[in-house]
Protein chains: 2
Amino acid sequence: MRTITVGFLGCGNIGCGVWKLLNEFGEDIRHRAEVRFDIKRILVRDIHKKRDETVPEALLTTDPAAITDDPAIEMVLEFMGGEEPATQYMLRALEMGKTVVTANKMALALNWHLLQAAAEKHRSGLYYEAAVCGAIPVIRTTIDSLQSNRIEAMMGIVNGTTNYILTRMSQEGSAYADVLKEAQRLGLAEPDPTSDVEGFDAAYKLSILSSLAFHARVPFDVIYRQGISQVNAADIAYGKELGYTMKLLAIAKRQGNVIDARVHPTFIPNDHPLASVNGSFNAIFLHGHACDDMMLFGRGAGSAPTASAVVSDMLYAASRETPRHPTFHNENALAPGLRVTDDWHCSFYIRLSASDRPGVMAHITACLGNEGISIRNLVQRDAVASRAQIVLITHDAGERSLRQALSAIDSPDVRVESMIRVEGK
Amino acid sequence: MRTITVGFLGCGNIGCGVWKLLNEFGEDIRHRAEVRFDIKRILVRDIHKKRDETVPEALLTTDPAAITDDPAIEMVLEFMGGEEPATQYMLRALEMGKTVVTANKMALALNWHLLQAAAEKHRSGLYYEAAVCGAIPVIRTTIDSLQSNRIEAMMGIVNGTTNYILTRMSQEGSAYADVLKEAQRLGLAEPDPTSDVEGFDAAYKLSILSSLAFHARVPFDVIYRQGISQVNAADIAYGKELGYTMKLLAIAKRQGNVIDARVHPTFIPNDHPLASVNGSFNAIFLHGHACDDMMLFGRGAGSAPTASAVVSDMLYAASRETPRHPTFHNENALAPGLRVTDDWHCSFYIRLSASDRPGVMAHITACLGNEGISIRNLVQRDAVASRAQIVLITHDAGERSLRQALSAIDSPDVRVESMIRVEGK
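Below you will find a few notes about this structure. (Residues numbered from 1 in each chain as written. Chains lettered and ligands numbered in written order. Predicted model: local features only at pLDDT ≥ 70, side-chain atom pairs only at ≥ 80, totals over all residues. Heavy atoms only, no water.)

### Regarding the pattern of salt bridges
Item 1. By the definition in use, this model includes 42 salt bridges over all chains.
Item 2. Where Arg400(A) meets Asp342(A), a salt bridge forms, and the shortest distance between an N and an O atom there is 2.7 Å. On the criterion of sequence distance, the pair formed by Arg400(A) in helix H14 (residues 399-409) and Asp342(A) in the loop between strand S13 (339-340) and strand S14 (345-355) is long-range, its members being 58 residues apart.
Item 3. Taking the relative accessible area as the measure of exposure, Arg400(A) reaches 49% and is therefore partly exposed.
Item 4. Glu417(B) is paired through a salt bridge with Arg415(B); the nearest N and O atoms lie 3.0 Å apart.
Item 5. A relative accessible area of 43% places Arg415(B) in the partly exposed class.
Item 6. What emerges from the salt-bridge pattern is a single network uniting Arg168(A), Glu172(A), Glu182(A) and Arg185(A). (Salt bridge = Lys/Arg side-chain N within 4 Å of Asp/Glu carboxyl O. Helix = DSSP H or I, 4+ residues; strand = E, 2+ residues; numbered from the N terminus. Buried < 20%, exposed > 50% of the residue type's maximum accessible area, 1.4 Å probe, protein only.)

Structural data, given as structure tokens:
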């Protein structure tokens, strides 16, 4: 039986979840893995704060060096969140030769190259299953199960808050602001919801996942990002009628050396496996050249599911004699041979309001035709405030051509009310 | 760059898929994993047979010892299928200290204890991701990502042939025999379909998966097994009306030291994630005490998806200095403390045909009531051939009580036409 000494950086929701899992399930873990974890020290901001779990006060410290610099601690778990000081503390622990397990997507997405360089230089382990999609083994699957695949596309519901909001808007026809308020009341959205609803959280996760999937770093700042705060209940309802469900998707595709990576509200067909991922669940759908379609579904957040991923990393680290790191074709900047495009191809849902005049439809179809865009579905609705509602879905088209066409369409007679990308066919 | 020498046992559909993947994708694999695989020898039955891939004849042999006994071969891939001689060949390779990667669920399910004992004794690696659900990383997830969970239940669609048949029966209202014939014509069902349609294939996979999930061997022969050959299109249609989809599920649950493990046609609610797993796709849905609900979905068979799993095992094996094996609380027989029950609890769908006489409904409800079974839904349909069709769904009940009640109900006036278990609420 090996004993591994452990320090926590942070003891909030996730830290308490890990404490609880290691204590309540320690006997089983010892039997299964022949290893026991001995928690030596826990960094907190306030030693006297009330916590969910009864953590002995003697373990608590406010000094990070008592963990990162103590040679008696072999493994450091980081649950602080945010870019700093978490990154500095992790770098220090890695330099000291310690294994680092982190649940921090932001610090990892922004500083992965630094963290991995430190880990490689000092032969330290760096693990981050819990940083992306909670309990769902997306990192391990990408690293250990899909290495023999050219992953061509991945699309994920990677943020539970926005999926909860869109699910309720879709099921109840409610407005965004009302559902957000309700989600905040229930603790499912933060008091400042920006990181979730504007897609930052999803983009951090997409940066990590797509980098692993493509074996090429996709930096956070090249990811196109559009959140759900402008989503209109009318579009959800029209989409539903046409057989589509709206999700905030994190999408990455690679064709040869061209990558596109983006987070935006997306319509997917109702029979797509992602369409029935409801509430706060997460899921990653991907396509590899050998494995074909695959989806991983589960709890992307929460104390116990995140603890499940953290402890699985601890056990995985414990089972390896030497740490292993993913190889990339480039550093934090894109490699010379790789290119990120903002001219991806997909279908588009467009809603227009138009004066009830002859020639309007001819104008719309001419503008689309000029850009080589053809129409798959078109529905004209009863006028609202004397303006006809026109909803159309295009065949595959380039983002730039579509934007050109919309600029040309927009005129006193025709207003472009919304444009939503359609994926999954 | 390490080179690992490899021998194939068998070169049919899966063997050719692995040959192709290693050849076409070898450069990427070398870059990613810093390892190259050198295929030294391939065991075949007939050297001159035409194959999908152009395999150099010089590599082919009909002598298994040229692979299992050659010290120049480090890794043996087994693609023969069937219990023997595959098990003997794998045992020999393990005794010779070679790493074995197998796609053979039958040999593994029936002789795992022998194979693992040989692997442990000779410090050889034994890997079998490809034996269960093709490309879907169910083995790796159970071993490497869910070790910190008490897995309480798993339900899987683990056989593509039967899922294809049930999907078409459900979508088209067709009869079993017609869809089976069509599936055979398309190559989706074997000329002798017994192993698939009677649930043997699913039970082999469930034996492997549930043993890993429960850290306790669940031998094949304790698994209750009922196939789909008796499934009636009328029941699928009635179920649909009531909001249920029929799937052949492999189910294993554990409560304390009581396990139930079974393969049978099952109704699940239409909004359950497994309900939309259609055609030949596979999926495993599970619940762990920390990770909560999780589902893995993908291609469970086929040359390329299975090759994806085989090559991922080869790379996984190559990345480890010493092999690691799962620990079980028991050997191939059930441990003294563990008990397999045939008295599981679930809801039941029951279809009865009854003479149109007073007192019939009172008889039915009395028989159920006597066993403490209450009714959740009841629908009486127009009479067919002067007998009323009664469809009911019970609340949770024990299998034994239900069977008692059905015996009591069955009478000249009331015939029990079908009973289908309902899960997933």
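### What about the state of the cysteines?
Item 1. Per the counting criterion, the structure on display carries zero disulfides over all chains.
Item 2. Its sulfur unpaired, Cys367(A) is 19 Å from the next cysteine sulfur, which belongs to Cys346(A).
Item 3. Sulfur of Cys133(B): no disulfide; nearest cysteine sulfur belongs to Cys291(A) and is 14 Å away. (Disulfide = S-S within 2.5 Å.)

### Focus on the packing of aromatic side chains
All names here are of chain A.
Item 1. Per the stated rule, a full pass over the model turns up 16 aromatic pairs over all chains.
Item 2. Seen from their ring centres, tyrosine 127 and tyrosine 316 are 5.9 Å apart, and the 75 degrees between their planes marks the pair as edge-to-face. Here the residue tyrosine 127 occupies a position in strand S6 (residues 126-127), and tyrosine 316 occupies one in helix H12 (residues 303-318), the gap between them amounting to 189 residues.
Item 3. On the basis of relative accessible area, tyrosine 316 is assigned to the buried category, the value being 5%. (Phe/Tyr/Trp six-rings, centres within 6.5 Å; stacked < 30°, edge-to-face > 60°.)

### Quick word on the interface of chain B and chain A
Item 1. On the chain A side, the residues contacting the 47 residues of chain B number 47 residues.
Item 2. Together, the buried faces of chain B and chain A total about 4,200 Å²; carbon and sulfur atoms form 53% of this surface.
Item 3. Our count for the chain B to chain A interface comes out at two salt bridges.
Item 4. Across the pair Asp292(A) and Arg299(B) runs a salt bridge, and its minimum N-O distance is 2.8 Å.
Item 5. There are 18 residue pairs in polar contact (both at pLDDT 80 or more) connecting chain B and chain A.
Item 6. Listed by contribution, the elements that provide at least two residues to the side of chain B that touches chain A are helix H2 (26-33), helix H6 (138-145), strand S11 (281-288), strand S12 (292-299) and helix H12 (303-318) of chain B.
Item 7. Looking at which element gives the most residues to the side of chain B that touches chain A, the answer is S12(B), with eight residues.
Item 8. Residues of the side of chain B that touches chain A, tallied by class, amount to 21 nonpolar, 16 polar and ten charged.
Item 9. Of the pairings in the sheet, the one linking strand S12 (residues 292-299) of chain A to S12(B) comprises five bridges and is antiparallel in character. Residue pairing for S12(B): Gly298(A) is matched across the bridge by Met294(B). (Contact = heavy atoms within 4.5 Å. Buried area = accessible area lost by both parts, 1.4 Å probe. Polar contact = N/O pair within 3.5 Å; in protein donor to acceptor, adjacent residues only side chain to side chain. Nonpolar A, V, L, I, M, F, W, Y, C, P; charged D, E, K, R; others polar. Pairing = 2+ DSSP bridges.)

### Re the side chain of Glu78(A)
Residues and elements named next belong to chain A.
Item 1. Examined against the element boundaries, glutamate 78 turns out to sit in strand S4 (residues 75-78).
Item 2. Comment: no salt bridge for buried glutamate 78; closest opposite-charge side chain is arginine 45, at 10 Å.
Item 3. In terms of polar contacts, glutamate 78 uses its side chain to reach the backbone amide nitrogen of glycine 81, at 3.3 Å.
Item 4. Ignoring anything within four residues of it in the chain, the contact list for glutamate 78 reads Leu9, Ala86, Met90, Val101, Thr102, Ala103 and Asn104. (Lys, Arg positive; Asp, Glu negative; His and termini not counted.)

### With respect to the packing of helix H6 (residues 138-145) of chain A against H6(B)
Item 1. For the pair H6(A) and H6(B), interaxial distance at closest approach is 11 Å and the crossing angle is 120 degrees. It follows that H6(A) is oblique to H6(B) by the angle criterion. Of the two elements, H6(A) crosses H6(B), and the hand of that crossing is right-handed. Only Arg140(B), Thr141(B), Asp144(B) and Ser145(B) of H6(B) make contact with H6(A), whose side of the interface consists of Arg140(A), Thr141(A), Asp144(A) and Ser145(A).
Item 2. Considering only residue class, the contact of H6(A) with H6(B) consists of no nonpolar, four polar and four charged. (Axes fitted to C-alpha atoms, helices over the stretch in contact; angles between N-to-C directions. Parallel < 35°, antiparallel > 145°, perpendicular 65-115°, else oblique. Left-handed = near helix turned anticlockwise from the far one by under 90°.)

None of this, on its own, says anything about what the molecule does.
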